[in-house]
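# Examination of the molecular architecture
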Amino acid sequence: MLDADISAGSSVNNKLKKAFNICIYGAFSIILLFYICSIFLYSWRNKVPYIAFFVPASVFMYYVSYKLISVLYGYKNYLATLFIFVLSIIIYSLWNFYAKTQPMSDYRVLINGAKSVLNGTFADLSFDKENYYYFYNFQTGFTLYLAFIMKIFGNSLFALKFIEILVMSFTNILLFHIVKKIYSVKEAIISTLIYITLTFNIAGSSIINNQHISMFLIVLMLYFITGKDSFIYTGIAGAVLAFAVIVRPNAQVVLLAYIAFMILLILSDGKKLLKKNITNLLLFVVVYFIVIYSFDITLKTINLIPISAINANTTYFKIVLGISGKGLYGIPTLSTEKTQIYFDLQRLNFDYELYNQECKKYVIDNITNNTKGVIKYIYNKMLIFCGAIDNQIGFSGVNTPGLRLSHFMKYGGYQQYASLVFFGFIASVKKVTYVIKSKSCNNRIDKEALITIVFILYFVAHILIETQARYRFEQYLCLCIMVAPIFKER
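Quick caveat: nothing in here was measured; it's all calculated off a predicted structure. (Residues numbered from 1 in each chain as written. Predicted model: local features only at pLDDT ≥ 70, side-chain atom pairs only at ≥ 80, totals over all residues. Heavy atoms only, no water.)

As a further point, take helix α15 (residues 317-324). With respect to burial, α15 is a largely interior element, 6 of its 8 residues being buried. Of all the residues in α15, the buried ones are F317, V320, L321, G322, I323 and S324. The secondary structure elements touched by the buried residues of α15 are α16 (340-347), α17 (352-369), α18 (371-387) and α21 (447-464). (Buried < 20%, exposed > 50% of the residue type's maximum accessible area, 1.4 Å probe, protein only. Helix = DSSP H or I, 4+ residues; strand = E, 2+ residues; numbered from the N terminus. Contact = heavy atoms within 4.5 Å.)

So, on to the environment of E358. Its location among the elements puts E358 in helix α17. When its relative accessible area of 26% is taken as the criterion, E358 is described as partly exposed. The spacing of E358 and F216 is 142 residues in sequence and 37 Å in space, taken between C-alpha atoms. Leaving out residues up to four positions away in the same chain, E358 has contacts with L328 and L348.

So, about the state of the cysteines. Summed over all chains, the structure comprises 0 disulfides. Free cysteine: C37, not disulfide-bonded; nearest cysteine sulfur from C386 at 10 Å. With a relative accessible area of 40%, C37 lands in the partly exposed category. (Disulfide = S-S within 2.5 Å.)

Bringing the nonpolar core into the picture now. If you look at the biggest cluster of nonpolar residues, it comprises 161 residues, and the most contacted ones within it are Y35, Y145, L146, Y195, M221 and L241. In terms of residues, this core owes the most to one element, helix α8 (residues 157-182), which gives 12 residues. For L241, the residues in contact, after removing those within four places along its chain, are I218, M221, A251, V254, L255, F284 and Y288. (Core = buried A, V, L, I, M, F, W, Y, C linked by side-chain atoms within 4.5 Å.)

Per the counting criterion, the structure on display carries 5 salt bridges. In this structure, K318 and E466 form a salt bridge, with 3.0 Å as the shortest nitrogen-oxygen distance. Here the residue K318 occupies a position in helix α15, and E466 occupies one in the loop between α21 and α22 (473-487), the gap between them amounting to 148 residues. Given a relative accessible area of 34%, K318 falls into the partly exposed group. (Salt bridge = Lys/Arg side-chain N within 4 Å of Asp/Glu carboxyl O.)

Here it is in structure tokens:
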């Protein structure tokens, strides 16, 4: 009787796993289909040129690099890792040498903010209700990171850029080892080569950007999660993700993805793993919030910030922009320091409580009384988010139509992106088909599903908030992981 109960429970759990996998990869397929349509519409409307030599040249380059890394890995494992690291540094360094990017927009303000940390005047900015660092207080974490780098290496822009190159190169190494754990060495080489050579990311490597350090920390978190099953690794992963959120708050999406992933495991793994899964989830979340709140409390204690460096002082502004594309009063941005949010706050005498109330009313009123208009705006906004050319190159300072390399980086990169989305869709459809056809119902909810959930939630998160094409940054890595099995050498 007991054996029959265990067998019945196992059957239910396996069916749950199958249903969850179908839902995850089914949703992924539908979302990627929207991306494909967005890319097609954007290309058609904007007459995006096709770079004919790009495909054969890319295939040849990838094949030679793949073979070389495979040989190196077969001879000595560490040689493959070293090759990936050196190749990354060479590619990013060559672009930096060519681009000679100077800080602009928010990036310039953040570097200047880091200098103010070092000369002891940062509190004057963070406590000033009319200052960038009060209404964008969540930029504090990245500013402190920059100040730390500048404290060690000086105010040299070269040093800051070199650290960015190293951070991105170490990210590529971690990606290689993560994919190796999820799939195999072959897929790991493929994913890593595609990611290293994404021209959108190469163009962004000359920008002092919080996306780079945040991505490194997210990938480091994934490295610990996909490592050996250990409570210590789980705790470290929670702490690492907390630091990713500190330097770039949108990394909270990864926290939600991990929680969703673990809940699916708790529901489908059965009683045998119930205690371990719950413990892992609680440990991860507890450590995450301990780090987050410790950081906030420390900064408040030393009077570096007035309220918080994590929770936005302007709670709903991103949503106001996300549903309408403009501020409360429609006053356009003049500069990095005097944006739409600045002018909205100025109208209200920088009363942040009143401003948040007005934003909340604006959001509710628009969704309630202008539902069709909001839906239309969100639809068009997401078409651009999913289908437009990544605008990182615009911040690199070389977005000049006459420059051949700039032309190649934009449109060659767009072909890369379109290909990634297309093959990602093929991979997701194949996964759904495999799960549906599987008769054993023994479908694990594995780490691949976690990567997929991360991608899905980044898409969902941008439905209501402000978007730019460069905000797809985290999704590129997810796609590079997901498409690898399609290209694996048979």
